[in-house]
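Structure assessment
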Amino acid sequence: MADSSFDIVSKVERQEVDNALNQASREISQRYDFKNVGASIEWSGEKIEMRANSEERVKAILDVFQSKLVKRGISLKALDSGEPQASGKEYKIFASLQEGISQENAKKVAKIIRDEGPKGVKAQVQGEELRVSSKNRDDLQSVIALIKGKDLDFAVQFVNYR
């Protein structure tokens, strides 16, 4: 019998982020506390740019955006937002999306699987993802439960389960 396997990846659905950004933009344009403060949120190349005339307002914009991401099922671990920066008379926050598992993080996850997972489960790094394979499908299910139970500092998804 062939090995069963699945991949551990860290990907963000770009369309869902776009939808969350549009919802946040719409809410910001309609909310009373964002009137006349120059509040906006938009794509700036590959980053998301939030701007307002005070540090508190720009942090509130980030909070609105984060709540929209959570409602759309996107982990906040994938969002890397900076500190508010003064730029002339306004404040800006730049946020970027983190995709892919770094070699260092992939090695950490592989070590967790080796140390705490069932015997006979193999984990190998393949680029920005991690392939986990075993002869027993129940072992793979327990590895998924193990990884979900860990508090990793990056978002993970499980794909290509066969």
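Below, the structure is looked at part by part. (Residues numbered from 1 in each chain as written. Predicted model: local features only at pLDDT ≥ 70, side-chain atom pairs only at ≥ 80, totals over all residues. Heavy atoms only, no water.)

**Some thoughts on the pairing of strand 2 (residues 40–44)**
Note that strand 2 and strand 3 (residues 47–52) share five bridges and pair antiparallel. Across the sheet, residue I41 finds its bridge partner in strand 3, namely M50. Hairpin connection between strand 2 and strand 3: a loop of two residues separates the two successive antiparallel strands, and G45 in this loop has a positive phi of roughly 70°. (Pairing = 2+ DSSP bridges. Helix = DSSP H or I, 4+ residues; strand = E, 2+ residues; numbered from the N terminus.)

**A few points about the packing of helix 1 (residues 14–30) against helix 2 (residues 55–71)**
It is the contact of helix 1 with helix 2, at a shortest axis distance of 9 Å, that shows an interaxial angle of 135°. By the angle class used here, helix 1 and helix 2 are oblique. Note that helix 1 runs across helix 2; the crossing there is right-handed. Facing V17, A20, L21, Q23, A24, E27 and I28 of helix 1, the residues of helix 2 in contact are I61, V64, F65, K68 and L69. Here the contact of helix 1 with helix 2 is composed, by residue class, of nine nonpolar, one polar and two charged. (Axes fitted to C-alpha atoms, helices over the stretch in contact; angles between N-to-C directions. Parallel < 35°, antiparallel > 145°, perpendicular 65-115°, else oblique. Left-handed = near helix turned anticlockwise from the far one by under 90°. Contact = heavy atoms within 4.5 Å. Nonpolar A, V, L, I, M, F, W, Y, C, P; charged D, E, K, R; others polar.)

**Digging into helix 1**
With 17 residues, helix 1 should cover 24 Å at 1.5 Å per step; its first-to-last C-alpha distance of 25 Å lies within 8% of that length. Those residues of helix 1 not exposed but buried are V17, A20, L21, A24 and I28. Looking down the long axis of helix 1, one finds its buried residues gathered within 100° of arc, a one-sided arrangement. Of the surrounding secondary structure, the elements contacted by the buried residues of helix 1 are strand 2, strand 3, helix 2 and strand 6 (90–97). (Expected span 1.5 Å × (residues − 1). Buried < 20%, exposed > 50% of the residue type's maximum accessible area, 1.4 Å probe, protein only. Arc of directions from axis to C-beta.)

**Looking at the packing of helix 3 (residues 103–116) against helix 4 (residues 137–149)**
Following both chains from N to C, one finds helix 3 and helix 4 inclined at 125°, their axes separated by 11 Å at the closest point. With respect to each other, helix 3 and helix 4 are oriented oblique. Crossing geometry of helix 3 relative to helix 4 is assigned as right-handed. Taken together, the residues of helix 4 that come into contact with helix 3 (itself represented by V109, I112, I113 and E116) are V143, L146 and I147. For the contact of helix 3 with helix 4, the class distribution of residues is six nonpolar, no polar and one charged.

**Re the sheet that holds strand 7 (residues 122–126)**
One open sheet holds the four strands; their spatial order is 7-8-1-9, and the pairing between them is antiparallel. Lying at the two open borders of the sheet, with one neighbouring strand each, are strand 7 and strand 9 (157–159). Pairs of neighbouring strands in the sheet enclose a mean axial angle of 30°, with direction left out of account. As paired elements, strand 1 (residues 4–9) and strand 8 (residues 129–134) share five bridges and run antiparallel to each other. Bridge pairing links I8 to L130 in strand 8. The strands that helix 3 touches are strand 1, strand 7 and strand 8; relative to strand 8, the one it contacts most, it runs at about 20°. Seen against the sheet, helix 4 touches strand 1, strand 8 and strand 9 and runs at an angle of roughly 15° to strand 1.

**Concerning the nonpolar core**
Within the largest apolar cluster, 25 residues are counted, with the highest numbers of intra-cluster contacts made by I41, I48, M50 and F65. At the level of elements, helix 1, strand 3, helix 2 and strand 6 are the ones that each hand at least two residues to this core. For this core, the element with the most residues is helix 2, which contributes seven residues. Once you skip the residues sitting within four places of it in the chain, M50 turns out to touch S40, I41, V58, I61, L62, Y91, K92, I93 and A95. If you look at the next biggest cluster of nonpolar residues, it comprises 18 residues, including A110, L130, L140 and V143. (Core = buried A, V, L, I, M, F, W, Y, C linked by side-chain atoms within 4.5 Å.)

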